[in-house]
Amino acid sequence: MGDQDMEHVGARLRRWRLRRGLSQRVLADLAGFSQGYVAQIESGAAPLERRAAREALAQALQISVGELTGSPEDATLGSPVGSAAIAELRAGIVALTVPMIGAGDQPPPIGAVDTALLDRYYAACRYDLLVPALAGALTILGTQAWAATLTTAQPRALIRSGSAARVSEGASGQVGGEGAAPVSERESGRVRGEGAAPVSEQGGGGRAGRVSERASGRVGGEEAERARLRSVVEVCSTTVATCVQLGYPDLTLAPGEVAMRAAEELGEAAYLGLANYTRVRAVGAVAGVERVVDAGIGQLGPHVGVDPVAAGIYGMHHLLRAEIAARAGQGVVAAAHLDEATAVAAYVGERPDDWFSFGPTNVGMWRLAILVALGEGPAARLSPPGFRPEALASAQRRATYFIDLSRALLQGRGQDDAAAAALYRAEMIAPQQVCASNGAREALRTLLSRPRYGRDSRLRGLAGRAGIR
């Protein structure tokens, strides 16, 4: 690259850094460079010739190398996760589901899977980091499950350990019936609640991991096995949530069932709820899925006044049921379930450290998605008093909210500018969520079909990053 190209790349680097709201020091730390080196690149004083350096900076900015360099040869579109990483994830799911396959001749790893790290990646929408980490966690849990089967002569142990192969401490509660990919990528596998593609992609960042962390620190005996089962439920929940978000529904059924079997063996209400929720997310929007949600509601109901975590999962099941009803055009049913979730949220208050971050703020976000599903987006523009989306730390949840807001605005008239601004804000919060979201792509296509935005370079750039041409 010549000096002129370097100046061009430096200007592009600065523009993307400012768009992401990063200082030179923060960008340098993320990419593994010094602040001085980043400053020199931006000023054109230092070349950016090494492919590894370009890739590191692009990854830190969550853009393609082509968007950084301006070179068509470096351009990549669509999913933030490559096919090689998905292949690794698929292999990890196989290792967990059929532990004998992934065990090999190596001794089982010692210690718990770092589910808290998985939760952080999910909440930050860093799918590029999360998918390889999940693949490793699934493989470890599968290996541990196989080792456990060798310590007993009981044939049932093989089945149990296979399902127990835990996944992450980010809880995968399936208490109700959400598993429908279309129903909601928002709570993809996490009892927190973030992630429905079309309706809301808002749900889930697996915070259940923190519940597991408290147990998985104990070693040996029955408690160690229970901790392992908790991890299986959580990792499987995160896996299902991630696969739903990224558009790989074929990878959700096995971890969904593994989570359910592990939770049944564990026998704890909150984990049964998380596993049921995960199962619904894994199954998708098939006929009869509402019965699975209703069963979860019935299971969790008696625990609402005793266990706040179970109460949050109970509330999430009602939100999920409301969304399913909304997508079926059942406005009265959707309103009834939304009202119940609202009442439970008022009772338990904000719980940012629980699996789904259930509370008044999250319910407000789901309310928007449910109204969009009903085609009543314009009515959603009036937020409840005191509603502040920034109250939730999860970038995934907040970005999904602004994606849903864009869709709501586009259901009315004369709100194109506000809808585009909502998408830009979503990308600023979590670029990879916009790339992975069916709802975002739907909103982008709608805006691009409008005369004013069809030639808008900024919107077309965002559409290109989301895989739209």
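Anything mentioned here points back to the structure above.
Residues numbered from 1 in each chain as written. Predicted model: local features only at pLDDT ≥ 70, side-chain atom pairs only at ≥ 80, totals over all residues. Heavy atoms only, no water.

Student: How would you summarise the overall build of the protein chain if you had to cite specific residues and measurements?
Tutor: Secondary structure assignment for the protein chain yields 23 helices and 1 strand. Summarising the internal contacts of the protein chain: among those between residues at least 6 apart in sequence, 72% fall at separations of at least 24. Summed over its atoms, the accessible surface of the protein chain is roughly 18,200 Å², and 53% of this surface lies on carbon and sulfur atoms. (Helix = DSSP H or I, 4+ residues; strand = E, 2+ residues; numbered from the N terminus. Contact = heavy atoms within 4.5 Å. Areas by Shrake-Rupley, 256 points an atom, 1.4 Å probe, with all protein chains shown as cover.)

Student: With reference to specific residues and values, describe the side chain of Arg 12.
Tutor: Along the chain, Arg 12 turns up in helix 1 (residues 3-19). Beyond its immediate sequence surroundings of up to four residues, Arg 12 is in contact with Gly 66, Glu 67, Leu 68, Thr 69 and Gly 70.

Student: Requested: an account of the nonpolar core, with residues and values cited.
Tutor: By size, the foremost hydrophobic cluster in this structure holds 103 residues, and its most contacted members are Leu 89, Tyr 127, Val 235, Leu 319, Trp 355, Phe 358 and Leu 423. Among the elements that take part in this core, helix 16 (residues 308-327) stands out by supplying 12 residues, more than any other. (Core = buried A, V, L, I, M, F, W, Y, C linked by side-chain atoms within 4.5 Å. Buried < 20%, exposed > 50% of the residue type's maximum accessible area, 1.4 Å probe, protein only.)

Student: Tell me about the packing of helix 8 (residues 115-123) against helix 9 (residues 127-149), and please be specific about residues and values.
Tutor: Between helix 8 and helix 9, the shortest axis-to-axis distance is 8 Å and the interhelical angle comes to 150°. With respect to helix 9, the element helix 8 is oriented roughly antiparallel. As for the relative orientation of helix 8 and helix 9, their crossing is left-handed in sense. Contacts between helix 8 and helix 9 involve Leu 118, Tyr 121 and Tyr 122 from the first element and Tyr 127, Leu 129, Leu 130, Ala 133, Leu 134 and Ala 137 from the second. (Axes fitted to C-alpha atoms, helices over the stretch in contact; angles between N-to-C directions. Parallel < 35°, antiparallel > 145°, perpendicular 65-115°, else oblique. Left-handed = near helix turned anticlockwise from the far one by under 90°.)

Student: Could you give me a rundown of a nonpolar patch on the surface, with the residues and numbers involved?
Tutor: Together, Val 94, Val 98, Met 100 and Ile 101 make up a nonpolar patch on the protein surface, roughly 350 Å² of accessible area in all. Positionally, Met 100 belongs in helix 7 (residues 99-103). (Patch = residues over 30% accessible without salt bridge, like charges linked within 9 Å, V, L, I, M, F, W, Y side chains within 5 Å. Salt bridge = Lys/Arg side-chain N within 4 Å of Asp/Glu carboxyl O.)

Student: Give me the lowdown on the pattern of salt bridges, citing residues and values where you can.
Tutor: Across all of its chains, the model carries 18 salt bridges by this definition. The partner of Arg 90 in a salt bridge is Asp 250, and the shortest N-O contact between them spans 3.1 Å. Taken together, the residues span a long stretch of sequence, with Arg 90 in helix 6 (residues 83-97) and Asp 250 in the loop between helix 12 (221-246) and helix 13 (253-266) at a distance of 160 residues. The class of Asp 250 is exposed, set by a relative accessible area of 52%. Where salt bridges share partners, they join Glu 223, Arg 226, Arg 230 and Glu 268 into one cluster.

Student: Go over the packing of helix 6 against helix 9, please, and point to the residues and values.
Tutor: Between helix 6 and helix 9, the least distance of the axes is 7 Å, while the angle of their chain directions is 20°. Considering their axes alone, helix 6 and helix 9 lie roughly parallel with respect to each other. For the crossing formed where helix 6 meets helix 9, the hand is left-handed. The residues of helix 9 that touch helix 6, namely those facing Ala 85, Ile 86, Glu 88, Leu 89, Gly 92, Ile 93, Ala 95 and Leu 96, are Val 131, Pro 132, Leu 134, Ala 135, Leu 138, Thr 139, Leu 141 and Gly 142. Within the contact of helix 6 with helix 9, the residues separate by chemical class into 12 nonpolar, 3 polar and 1 charged. (Nonpolar A, V, L, I, M, F, W, Y, C, P; charged D, E, K, R; others polar.)

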